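Chain by chain, the residues:
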Amino acid sequence: MRSEGRGDAEDGTDEDLGGGVFAADCRARLAFEVIANRWDSVVVYVLGERGPMRPRALLDRIGGISPKVLNETLRRLEYNGLVEHRRYAEAPPRVDYTLTAAGTALIGPIRALGAWAAVHGDAVLAAQERHSDPGTR
């Protein structure tokens, strides 16, 4: 997320992510928007871990998500090209969801964010608590 042609990326690469620093069309910004919803990365991770699943199985595996929110999440992930649904000509009708190639490619970054949270989560929670405590301002 830096300006094109600067050549000063912290990791030593000269890669331009497109659009310059924080521009509306920056590809890195697009990636954050795609997984910004609370449940998106959870659903992607579970599908990556377990393979194709029916909505009921996703609800049971994830826990804490309502059927309505799961349905909205699956639709959003499908819209963004991360999951696809398959309908089977059976009675009763059966649908399952699976990751696309783009969704599968997100498993590594999601694991990296999880590792970051494991290391820094306590510090983040402590900072949030300090800022929400009226006696510390």
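These numbers come from a predicted model, not from an experiment.

**A closer look at the side chain of Thr 73**
In this fold, Thr 73 is placed in helix H4 (residues 67–79). Of note is the side chain of Thr 73, whose polar atom sits 2.8 Å from the backbone oxygen of Val 69. Excluding residues that lie within four positions of it along the chain, Thr 73 makes contacts with Asn 37, Trp 39, Asp 40, Val 43 and Ile 65.

**Focus on the pattern of salt bridges**
Side chains that differ in charge, positive against negative, can pair when their charged atoms come close. Summed over the entire model, instances satisfying the criterion amount to eight salt bridges. Measuring nitrogen to oxygen at the nearest pair gives 3.8 Å for the salt bridge that ties Arg 29 to Glu 33. With Arg 29 and Glu 33 both in helix H1 (residues 27–34) and four residues apart, this pair spans about one turn of that helix. Salt-bridge contacts for Glu 49 lead to Arg 61; the nearest nitrogen and oxygen are separated by 2.7 Å. Here the residue Glu 49 occupies a position in helix H2 (residues 40–50), and Arg 61 occupies one in helix H3 (residues 55–62), the gap between them amounting to 12 residues. Each of Glu 49, Arg 50 and Arg 61 takes part in salt bridges that share partners, so that together they form one network.

**Topic: unusual backbone geometry**
In this structure, Pro 92 follows Ala 91 across a cis peptide bond, with omega equal to -5°. Looking at the element boundaries, Pro 92 is found in the loop between strand E1 (83–88) and strand E2 (94–99).

**Remarks on the side chain of Thr 98**
With respect to the helices, strands and loops of the structure, Thr 98 is situated in strand E2. The buried category is assigned to Thr 98, whose relative accessible area is 9%. Setting aside chain neighbours within four positions, we find Thr 98 in contact with Pro 52, Leu 82, Val 83, Glu 84 and Arg 86.

**Thoughts on helix H6 (residues 107–132)**
Along its 26 residues, H6 runs just 33 Å from first to last C-alpha, ending more than 12% under the 38 Å computed at 1.5 Å per residue. At His 120, H6 shows its strongest bend, of approximately 65°. Those residues of H6 that are buried lie in contact with H2, E2 and helix H5 (101–105).

Rules used throughout
Residue indices follow the written sequence of each chain, beginning from 1 at its first position. Selection of residues for local features in this predicted model requires a pLDDT of at least 70, selection of side-chain atom pairs for listing and counting requires 80 or more, and totals for whole chains, interfaces and linings are taken over all residues. Each side-chain value is derived from all of the structure's non-hydrogen atoms; neither hydrogens nor water enter the calculation. Strands here are runs of E lasting at least two residues and helices are runs of H or I lasting at least four, both read from the DSSP assignment and numbered beginning at the N terminus. Think of a polar contact as two N or O atoms within 3.5 Å of one another; within protein, one of them needs to be a possible hydrogen donor and the other a possible acceptor, and neighboring residues in sequence only count if both atoms come from side chains. Contacts are assigned to residue pairs that have any heavy atoms within 4.5 Å of one another. Salt bridge, as used here: a side-chain nitrogen of Lys or Arg that lies within 4 Å of a carboxyl oxygen of Asp or Glu. Burial classes: relative accessible area under 20% of the type maximum marks a residue as buried, over 50% as exposed, and values in between as partly exposed (1.4 Å probe, protein chains only). Expected span of a helix, by definition, is 1.5 Å for each gap between consecutive residues, and there is one gap fewer than residues. Bend is computed residue by residue as the angle between axes fitted to the seven residues ending at the residue and the seven residues starting at it.

Read these as spatial facts, not as claims about activity.
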